[in-house]
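Survey of secondary and tertiary structure
So the chains spell out like this:
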Amino acid sequence: MKVTGTARYAGDQNQVGQLYAVLVASTVPAGRVSAIDTRAALAIPGVTRVLVAADMPRIHADLDKITVPPLATRFIPMQSDTIVHEGQPVAIVVSESLEAAEAAATIVRVSYERAAFIVPETAAVVSADPKKGSYSMSNALEFNKGDAPAAIAAAPVKAGAAYTQPSRHANPMEPSATIAAWKGDHLTVYDAVQHLPAVQNVMAAVFGLPATSVRVVSPHTGGGFGAKAFVWPHEILAAMAAKVVRRPVKLVLSRQQMYGMVGPQPQMVHDVRLGAGADGKLLGVSHAATNITGVTEDYVEFGAVPGRTFYACDNIATSQRIRRGNITLPTFMRSPWDGPGSWALGSAMDELARTLNMDPLDLRLINYAETDPESGKPWSSKKLREAYEEGARRFGWRTRVKGGTRDGHWRIGCGMADCSQGQARFHSTARVCLKADGTARIESSFCDIGTGPATIFPQIAAEVLGLDPKQILAVAGDSDLPYSGPTYGSGTTISTGAAVQHAALGVRAKLARLTGWPAEDVTMRDARIMRGNEARTIREVLGEAGVSELTSDGAFDLPGGAFVDMGSSAFPARTFGAIFVEVGVDQELGLLRLRRATGVYSAGRIINPRTARSQMIGGIVWGWGMAAMEASHFEPTLGRWLAKDLAGVALPVNADIPPDIDVGFVDEFDANSGPLGAKGIGELGATGVAAAVGNAVYDAIGLRIRDLPITPEKILAA
């Protein structure tokens, strides 16, 4: 559908009688709106309304019951005249045509009472406040095991430094888009999202409605990367505007508006200190991470998590701090927590290996964590040793020529790092319907954001029902379908996939009962149900029973009715891997090029090797962008993001990526993660890459760069 152009995204949806909305954004980062002159805008033919704060419905008290997240931020613009960041909506132009709305938005005159604003990067470092949203409660703000400072101070070998990375905005190919239509007290929303029920529940709370009065439709989402994971104010504003004008309203954010409405992964500083013995054994690990956040809530990017989960050590200390400033509230971005943290820790481990004159891979093997260093509990599964060995073999790590060999004017270097990502699991449900003609249908409200669930879930059901996956249709993207957990946190396959398997097993059991055979004795193959040497076709069994189809609901439930967990309480769950890269560095021009990469991963059962490999390649490309190109700079004089479109934002393109990206998986079945034996991989590939690239640059030219991205001026500075 995507290749042929028949896939319809949120911005492709249209409703009869719809109006087009364009936001008017604040040009100041702090203060209040003192006046808005809409006369010139209303004079443009086709413009029906220019909505200001006084026109908007008030937020219902039920919204207080919704946590942050899934509500991206509790600060909803246009409920008051307060301005907390540049780009915040202050008015909405509604018109019969998009062109008229866009033109009118440029001539709405807004007057402000400016206030002093806070540049987040230079703000004071403070502790997160659990009262300012729920982000800070997602993990431990402080962790101490043993006495890390004393152990590091006494260690004979030390390494580490401060490692920084800039803010980065996700730039999905599809910008955020919302179409809201009211019919009485029933709201239908077409939206670009990563979790439909979250939008449904938030909208219901905003307007004081039962969730059954809100329907959310999102058949395709053109990339999300976390930017569409939570419910942002523009979605609420579109529904409010539709309620005011009493017609459907379509709001599609421009690329520039994406920077003002949807948060970035925040700028971070990691202070990593390692102490080791002469044999390389870690004696102490300290990882203190600080990230910027907004003034409305405390978003915490738990980048210090790798410090207490990657390596075995008796003395570990990690901490999380924040700097508050006038910016859009940051948010999750592909490989939250472990992506940033693996950059810093992976770089420090390479520095330690250099100090010890030890191979970086051997240093990791010496400090291999057989159990979870934080809890001491056994991993749900872990085959990282096998991934190390296979990755090193495929890359030729043990036989590489070390240290700055030449290829013409390029100096060549190799680096490696660990990959790991925490494993999220979500409550999910699904329905499977088996028809007499040997076809089946899967129903669940999961999102298709390009990761392949509509391919994988038919495979899962087909394995149980003995059908060709092509005979099974996956129907998704509608909140009227059975509840599915979110499509983020690398949790879709492990969660909704398990629900699909459960539902398919239920259908098979019903079919077995119709044959009179015990469900535990049957198998299915080629549209037939079999017990021993006996076999009957699906058509025969259903025909004799006088039914046209069999339906069963399945669920993947979490302990205690939880919405999300990070694996069994008895078996901490992570995915693991190793990334090896070769780079070329031109010191005279400051150029950095990726020449080849090998990633091998321990990630549970791989349901579909093709889509899995594609995911990992995408993650490696994502990691290269983090390492060498991407940055969102906050301009301290104007208090705004400096570049707000792809003309001013460097992203990897085909010309930046060599064809030689080698991806592999070790054979693994994680029985503790769920009935599929699978884990999530959507974010794993992006971890470790930045550290491996930085380590390879050092190998090539002897320059240790601790501030991402590794751009030409940093290479030339040497």
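For the structure, see preceding data.
Notes on the structure in this doc start here. Everything numeric here is computed off the predicted structure, so don't read it as measured data.

**Quick notes on the overall build of the protein chain**
Helices and strands together make up the secondary structure of the protein chain, namely 15 helices and 31 strands. The C-alpha extent of the protein chain, read off along each of the three principal axes, is 80 × 75 × 50 Å. The proportion of buried residues among the 718 residues of the protein chain is 62%. Contacts in the protein chain between residues far apart in sequence, at least 24 positions, make up 81% of those at least 6 positions apart. Seen as two clouds, the 69 positive and the 71 negative side-chain charges of the protein chain have centres 1 Å apart.

**Some details on the sheet that holds strand β2 (residues 31–37)**
Ordered by their spatial adjacency, three strands build an open sheet running β4-β2-β6, and the pairing between neighbours is antiparallel. Only two strands of the sheet have a single partner each, and these edge strands are β4 (82–83) and β6 (109–114). Bridging between β2 and β4 involves two bridges; their strand directions are antiparallel. Bridge assignment links Gly-31 to a residue of β4, and that residue is Ile-83.

**Things to note about the nonpolar core**
Judged by nonpolar contacts, the single largest core of 69 residues is most densely connected at Leu-63, Ile-92, Leu-187, Val-202, Met-203, Phe-207 and Ile-236. Counting residues per element, this core draws most heavily on helix α4 (residues 196–207), at nine residues. Residues within four places of Phe-207 in sequence aside, it is in contact with His-60, Trp-182, Leu-187, Ala-239, Met-240 and Lys-243. Listed in part, the 63 residues of the second largest apolar core include Val-272, Ala-353, Leu-684 and Ile-701.

**A look at the pattern of salt bridges**
What the rule picks out here adds up to 42 salt bridges. For Arg-354, the salt bridge goes to Asp-350, with nearest N and O atoms at 3.8 Å. One end of the pair is Arg-354 and the other is Asp-350, both in helix α7 (residues 338–356) and four residues apart, which spans about a single turn. For Arg-354, a relative accessible area of 38% puts it in the partly exposed group. A relative accessible area of 2% means that Asp-350 is categorised as buried. Linking Glu-582 and Arg-596 is a salt bridge whose minimum nitrogen-to-oxygen distance equals 3.1 Å. Separated by 14 residues along the polypeptide, Glu-582 in strand β27 (residues 574–586) and Arg-596 in strand β28 (residues 591–602) bring together distant segments of the chain. We classify Glu-582 as buried; its relative accessible area is 12%.

**Here's the deal with the sheet that holds strand β22 (residues 523–525)**
The three strands are arranged β22-β23-β24 in an open sheet whose pairing can be described as antiparallel. With partners counted over all chains shown, the strands left at the sheet margins are β22 and β24 (534–537), one partner each. The average angle at which neighbouring strand axes cross in this sheet is 30°, direction not considered. Where β22 and strand β23 (residues 528–531) come together, three bridges link them in antiparallel fashion. Looking across to β23, one finds that Arg-525 is bridged to Arg-528. Contacts from helix α11 (residues 492–515) reach β22 and β23 within the one sheet, and its direction differs from that of β23 by about 65°.

**Focus on empty space enclosed by the protein**
Scanning the model with the defined rule gives six cavities of 30 Å³ or more in all. Space inside the largest cavity adds up to approximately 160 Å³. A per-element tally of the lining of the largest cavity places helix α5 (residues 233–245) first, with three residues. Split by residue class, the lining of the largest cavity holds eleven nonpolar, seven polar and no charged. If you add up the space inside the second largest cavity, you get close to 80 Å³. Lining the second largest cavity are 13 residues, with Phe-310, Tyr-311, Leu-384, Tyr-388 and Asp-418 sitting closest to its centre. Residue assignment for the lining of the second largest cavity shows that the elements contributing at least two residues are α9 (384–395) and β17 (410–422). Each residue belonging to the lining of the second largest cavity can be placed in one class, and the counts come to seven nonpolar, three polar and three charged.

**Some remarks on the side chain of Ser-347**
Following the sequence through the fold, Ser-347 ends up in helix α7. Judged by its relative accessible area of 2%, Ser-347 falls in the buried class. Of note is the side chain of Ser-347, whose polar atom sits 2.7 Å from the backbone oxygen of Trp-343. For Ser-347, the residues in contact, after removing those within four places along its chain, are Tyr-163, Ser-342, Ala-691, Asn-695 and Arg-704.

**Details of the environment of Asn-357**
Locating Asn-357 in the fold gives a position in the loop between α7 and α8 (360–366). With a relative accessible area of 73%, Asn-357 lands in the exposed category. Separated by 235 residues in the primary sequence, Asn-357 and Thr-122 have C-alpha atoms spaced 37 Å apart.

**A closer look at the packing of α4 against α5**
Any two packed helices are characterised by the angle at which their axes cross and by the distance between the axes. Where α4 contacts α5, the two axes come as close as 11 Å, and the packing angle between them is 50°. Relative to α5, the element α4 lies oblique. In terms of crossing hand, the pair formed by α4 and α5 is right-handed. Between α4 and α5, the contacting residues are Val-199, Val-202, Met-203, Val-206 and Phe-207 on the first element and Glu-235, Ile-236, Ala-239, Met-240 and Lys-243 on the second. Residue composition of the contact of α4 with α5, grouped by class: eight nonpolar, no polar and two charged.

**Re the side chain of Glu-683**
Within the secondary structure, Glu-683 sits in the loop between β31 (661–665) and α14 (689–701). There is no salt bridge for the buried Glu-683, and the closest opposite charge comes from Arg-334, which lies 7.0 Å off by N-O distance. Separated by 2.7 Å, the side chains of Glu-683 and Ser-490 make a polar contact. Dropping the residues within four chain positions of it, Glu-683 is found in contact with Arg-334, Ser-335, Pro-336, Gln-421, Gly-489 and Ser-490.

**A few points about α11**
With 24 residues, α11 ought to run about 34 Å at 1.5 Å a step, and its terminal C-alpha atoms sit 34 Å apart, in line with that. Burial within α11 is extensive, with 19 of its 24 residues counted as buried. Two residues or fewer after α11 comes Gly-516, characterised by a positive phi angle close to 85°.

What counts, and where the lines are drawn
Residues numbered from 1 in each chain as written. Predicted model: local features only at pLDDT ≥ 70, side-chain atom pairs only at ≥ 80, totals over all residues. Heavy atoms only, no water. Helix = DSSP H or I, 4+ residues; strand = E, 2+ residues; numbered from the N terminus. Buried < 20%, exposed > 50% of the residue type's maximum accessible area, 1.4 Å probe, protein only. Contact = heavy atoms within 4.5 Å. Lys, Arg positive; Asp, Glu negative; His and termini not counted. Charge placed at Lys NZ, Arg CZ, Asp CG, Glu CD. Pairing = 2+ DSSP bridges. Core = buried A, V, L, I, M, F, W, Y, C linked by side-chain atoms within 4.5 Å. Salt bridge = Lys/Arg side-chain N within 4 Å of Asp/Glu carboxyl O. Axes fitted to C-alpha atoms, helices over the stretch in contact; angles between N-to-C directions. 1 Å grid on protein atoms, 1.4 Å probe; cavity = no way out; pocket = protein on both sides within 12 Å on 5 of 7 lines; lining within 4 Å. Points joined across faces, edges and corners; volume = space filled by probe spheres on them. Nonpolar A, V, L, I, M, F, W, Y, C, P; charged D, E, K, R; others polar. Polar contact = N/O pair within 3.5 Å; in protein donor to acceptor, adjacent residues only side chain to side chain. Parallel < 35°, antiparallel > 145°, perpendicular 65-115°, else oblique. Left-handed = near helix turned anticlockwise from the far one by under 90°. Expected span 1.5 Å × (residues − 1).

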